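A look at the structure
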Amino acid sequence: MERRRKSHTELARRIVELLRVEGAEPGTKVAEQRLADSFGVSRTPIRKALRLLTETGSLSYAPRQGYSLARPLDSASADAPGLPPSEEDQLFQAILRDRFANRLGDTLSVNDLMQRYGTARTTVMHVVARMTEDGLLERGHGQNWRFGPAPDSLSAMEESARFRELIEPAALREPGFAPDTALFSDIRRRHQALLTDEVLQSEMRAWIDAGADFHDALAACCANRFLARAIRQQTRLRRLSTYHGGANRRRMRDAFHEHLGILDAVEAGEMDRAADLMLAHIRAAQTQRPRVSNRGVPPIARPIRR
Amino acid sequence: MTRKTIAFFPEASFGAALNCVGIAQALREGGHEAVFLCDPGFAGVFENYGFAEHPVAMAPAMSDEELEKFWSGFITRHLPHFRLSPEDQLPTYVRDCWEAIVDSAEIAEAPLQAALARIDPDAIVVDNVIGFPALMQAGVPWVRMVSCAETEIPDAQVPPIMSGLGAEDTGAYPAFRALYDAALGPVHERYNAFRRARDLPALPPGEFMEVSPDLNLLLYAKPMRFERAHPLTPPRFHYLEGCVREEDPFEMPDIPAASNTPVVYVSFGSLGAADVALFERMIRLFAELPYRFLINVGGYKDSFRDVPDNVHLDYWYPQPSVIDKADLVIHHGGNNSVHEALYFGKPSIVMPYCWDGHDNARRLHDTGLGTHLDRYAWRDQEMIDALAGLTTDRPMRKRLGDISADMIAADGRRQAAELILNVAR
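Residues numbered from 1 in each chain as written. Chains lettered and ligands numbered in written order. Predicted model: local features only at pLDDT ≥ 70, side-chain atom pairs only at ≥ 80, totals over all residues.

Along the backbone of chain B there are 13 helices and 13 strands. Whereas a compact globule of 425 residues would reach a radius of gyration of roughly 22 Å, chain B reaches 21 Å, a difference of no more than 12%. Dimensions of chain B along its principal axes, counting C-alpha atoms only, are 60 × 50 × 50 Å. Residues classed as buried in chain B amount to 49% of the 425 residues present. (Helix = DSSP H or I, 4+ residues; strand = E, 2+ residues; numbered from the N terminus. Rg over C-alpha atoms; globule rule 2.2 N^0.38 Å. Buried ≥ 20, exposed ≤ 12 C-beta atoms within 10 Å, placed from the backbone.)

Residue and element names in this part refer to chain B. Under the domain assignment used here, chain B contains domain 1 (5–74 + 104–172 + 207–243 + 411–423) and domain 2 (263–408). Taken over C-alpha atoms, the centre of domain 1 sits 25 Å from the centre of domain 2. Contacts between domain 1 and domain 2 engage 22 residues on the former and 22 residues on the latter. With four residues, the single largest contributor to the side of domain 1 that touches domain 2 is helix α1 (residues 14–29). The class makeup of the residues in the side of domain 1 that touches domain 2 is 13 nonpolar, eight polar and one charged. (Domains from an automatic or database assignment. Contact = placed C-beta atoms within 7 Å. Nonpolar A, V, L, I, M, F, W, Y, C, P; charged D, E, K, R; others polar.)

This part covers the packing of helix α7 (residues 154–173) of chain A against helix α10 (residues 225–243) of chain A. All names here are of chain A. α10 packs onto α7 with a crossing angle of 140° between their chain directions and a minimal axis gap of 10 Å. Judged by the angle between their axes, α7 and α10 are oblique. Read as a crossing pair, α7 and α10 show a hand that is left-handed. Taken together, the residues of α10 that come into contact with α7 (itself represented by Ser160, Phe163, Arg164, Ile167, Glu168, Ala170 and Ala171) are Leu227, Ala228, Ala230, Ile231 and Gln234. The residue inventory of the contact of α7 with α10, partitioned by class, reads eight nonpolar, two polar and two charged. (Axes fitted to C-alpha atoms, helices over the stretch in contact; angles between N-to-C directions. Parallel < 35°, antiparallel > 145°, perpendicular 65-115°, else oblique. Left-handed = near helix turned anticlockwise from the far one by under 90°.)

A word on the domain arrangement of chain A. As assigned here, chain A comprises domain 1 (2–69), domain 2 (87–147) and domain 3 (154–286). For domain 1 of chain A versus domain 3 of chain A, the distance between C-alpha centres works out to 30 Å.

All names here are of chain B. Here we have six strands laid out as an open sheet, ordered β10-β9-β8-β11-β12-β13, and parallel in their pairing. Each edge of the sheet is formed by a strand with only one pairing partner; in this case those strands are β10 (311–314) and β13 (370–372). Sheet twist, expressed as the average angle between the axes of neighbouring strands with direction ignored, equals 15°. Bridge count for strand β8 (residues 263–267) against strand β11 (residues 328–331) is four bridges, and the pairing is parallel. Pairing of valine 266 across the sheet is with isoleucine 330, part of β11. Packed onto the sheet, helix α11 (residues 380–392) meets β8, β11, β12 (348–350) and β13 and runs at close to 140° relative to β11. (Pairing = 2+ DSSP bridges.)

Here we come to the sheet that holds strand β5 (residues 137–139) of chain A. Residues and elements named next belong to chain A. An order of β4-β6-β5 is seen for the three strands of this open sheet, with the pairing classed as antiparallel. Each edge of the open sheet carries a strand with a single partner, namely β4 (107–109) and β5. Taken pair by pair, the neighbouring strands of this sheet meet at an average axis angle of 35°, ignoring direction. Bridge count between β5 and strand β6 (residues 144–147): three bridges; the pairing is antiparallel. Its bridge partner lying in β6, arginine 139 is registered against tryptophan 145.

Moving on, we get to the nonpolar core. Ranked by internal contacts, the top residues of the largest apolar core, which has 177 residues, are Phe8, Ile124 and Val125 of chain B. When residues no more than four places from it in sequence are discounted, the contact partners of isoleucine 124 of chain B are Ala7, Phe9, Leu135, Ala138, Val140, Trp142 and Val143 of chain B. By size, the runner-up hydrophobic cluster in this structure holds 17 residues, among which are Ala12, Ala49, Leu50 and Leu59 of chain A. (Core = buried A, V, L, I, M, F, W, Y, C linked by C-beta atoms within 7 Å.)

To continue, consider the environment of cysteine 38 of chain B. With respect to the helices and strands, the residue cysteine 38 of chain B is situated in strand β2 (residues 33–38). When the C-alpha atoms of cysteine 38 of chain B and alanine 17 of chain B are compared, they prove to be 8.9 Å apart, with 21 residues separating the residues in sequence.

Below, the discussion takes up α11 of chain B. A turn of α-helix holds 3.6 residues, and therefore any two residues three or four places apart point the same way. Residues and elements named next belong to chain B. Taking 1.5 Å per residue as the helical rise, α11 with its 13 residues ought to reach 18 Å, and the 19 Å between its terminal C-alpha atoms agrees with that figure. Within α11, the full set of buried residues consists of Met383, Ala386, Leu387 and Leu390. In an axial view of α11, the angular spread of the buried residues amounts to 95°, which keeps them on one side of the axis. Those residues of α11 that are exposed and angled more than 90 degrees off the buried face are Gln381, Asp385 and Thr392. Next to the buried residues of α11 lie β8, α7 (276–286), β11, β12 and β13. (Expected span 1.5 Å × (residues − 1). Arc of directions from axis to C-beta.)

Quick look at the structure:
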């Protein structure tokens with residue numbers, strides 16, 4: 001029974017991954033037979049996996065209409081929300097956790113990872129492949145990889161912010177920008193739900209995801225595929241980085257108000273104003289506390305980061 | 001109820017700033033307005049807590065690059081001085097600081113006057129180490145907040161400030177005071193000349209700030225207070241049992257090793273974090289010990305590599321929320337850290353390096369509320385013994401629990417807010 005449950009869970013993950021790769025959006029129909037053909041299994045296990053995904057809220061079911069995707073897929077994780085994490089996903093998160101905690105060096109090998117995490121070679125190879133595809137790792141010599149650029153230091157965060165100052169306002173000014181009313185409506189709903197909740201109570205991850213999804217949503221509307229891709233990559237890196245520390249609820253509260261202001265401008269068709277607001281928003285996020293201060297230290301010695 | 005506007009002017013240090021935030025939060029909860037006059041380098045800190053800011057220029061205009069260069073030079077010059085005795089720090093680190101502090105008081109005079117005219121507060125709360133004539137002559141009540149050690153207000157029976165001496169070392173007080181006055185004589189005279197030019201009386205040797213005629217609040221919990229020759233009593237003087245601010249909740253990070261072991265929070269303040277070599281030494285030892293360590297390394301996180309699995313570093317932690325969840329705190333004796341540890345009933349290991357840290361370390365040790373370790377001369381076994389002893393000492397834990405209950409019940413933030421409103425215009 002346990003093995004079968006595990007296999008339904010694994011099949012559910014594979015279905016989610018397939019839908020993500022296909023770029024499925026909320027409302028997309030999910031057909032049993034097509035999935036059965038894709039995975040080379042009968043409809044029975046597919047049906048069980050789809051029921052599991054319905055229970056966890058990833059899919060919805062309506063009589064005579066069948067299954068459809070209920071919510072946007074989390075681009076940061078191969079797992080569907082509500083499902084227990086797979087061994088691969090656990091390893092993925094552990095490597096990121098340790099990278100952002102300065103526990104891992106700049107390069108790593110498959111053997112290092114197997115030894116450190118006590119994981120089978122196959123699992124390590126799958127995760128390394130996934131991280132390479134994501135741009136988190138770059139292939140080095142032999143069985144070695146090195147970490148790609150990520151906001152994992154103060155200087156890297158500053159560079160990332162300056163890069164985003166170039167691309168995100170530009171995406172809003174790009175001809176052919178096509179606002180997605182349904183997507184924006186979902187973003188607004190999630191932002192307002194968090195803003196009306198006590199800022200000190202809600203889980204940080206919900207804030208991080210809502211904030212990152214806002215930037216992804218604008219990228220999805222940008223007609224310039226290169227800008228869109230670059231924004232999605234930056235958003236993904238920032239999302240992963242802030243999962244492992246550095247998020248500040250109070251700043252996020254302000255950021256959410258800024259997001260809503262940008263959406264207002266976009267939906268009013270005032271793209272130049274939206275771009276200006278986006279630039280101000282990215283700059284405001286860079287405001288840091290004074291790096292060093294102390295009782296008795298002269299105020300003249302305070303570096304300001306803007 | 002008449003809504004009052006209270007202007008806070010904390011020194012540009014996290015200790016003073018965040019202490020004032022706690023009181024400001026209490027005022028706001030009572031329906032009053034709290035605004036902050038602040039060093040431009042601290043702009044954004046108070047807004048983060050929802051308070052209006054009025055930056056006041058306190059230094060010559062400098063570009064970010066010039067400031068960065070000045071700061072790097074300051075650290076390089078003074079880091080070695082943190083290894084010196086309190087006496088030897090006087091003509092080096094302490095004198096340099098006072099020169100710059102007096103500069104800032106002179107530069108800030110006109111901008112402060114302008115800012116106060118704009119704000120038109122009903123009272124001013126100043127948490128600083130030097131008197132600003134503009135504040136004292138603004139025509140409204142002013143409140144002196146002493147969030148450093150109690151030693152800031154001199155008394156024959158209280159150790160001289162920054163001396164690290166104990167209550168029983170009275171025989172050594174005159175010698176330290178003489179060294180202090182000699183080291184700071186010229187800068188003190190410069191400050192007095194500035195005061196005289198503003199029609200304020202000169203202050204006695206070694207003193208840079210008078211007590212307020214209206215209200216003085218001391219952030220020094222009862223268990224640590226000194227017996228004074230001239231006690232500080234109401235209505236002009238009140239002791240607060242800590243002013244711990246409301247902070248973001250703290251979610252324990254995923255630490256891969258040492259599950260279910262005691263949590264030790266380490267912070268030496270943002271200046272103390274510049275001593276990367278000291279942290280590296282500590283982390284090498286911590287890697288072998290059965291605890292989880294959360295270490296505030298300030299702006300220097302990127303200097304650390306191969307961090308052990310039982311250690312977590314970050315640029316910033318919401319300190320009160322972390323201390324609440326920790327089992328022990330290692331700190332530099334900064335007054336906020338001292339009182340936050342007491343407020344949450346946690347034992348301390350104190351490793352001071354300058355200013356009032358010396359005094360607080362000695363006082364915590366003498367009152368049996370913590371262990372004082374020499375910041376640089378400590379031996380590994382001393383640290384191991386201190387960690388083991390303090391995390392298993394049940395009588396101390398009971399005593400700290402009682403102190404914590406008293407401090408929470410006293411609600412220092414709210415008490416401060418009420419006292420300030422009572423003297424406000």
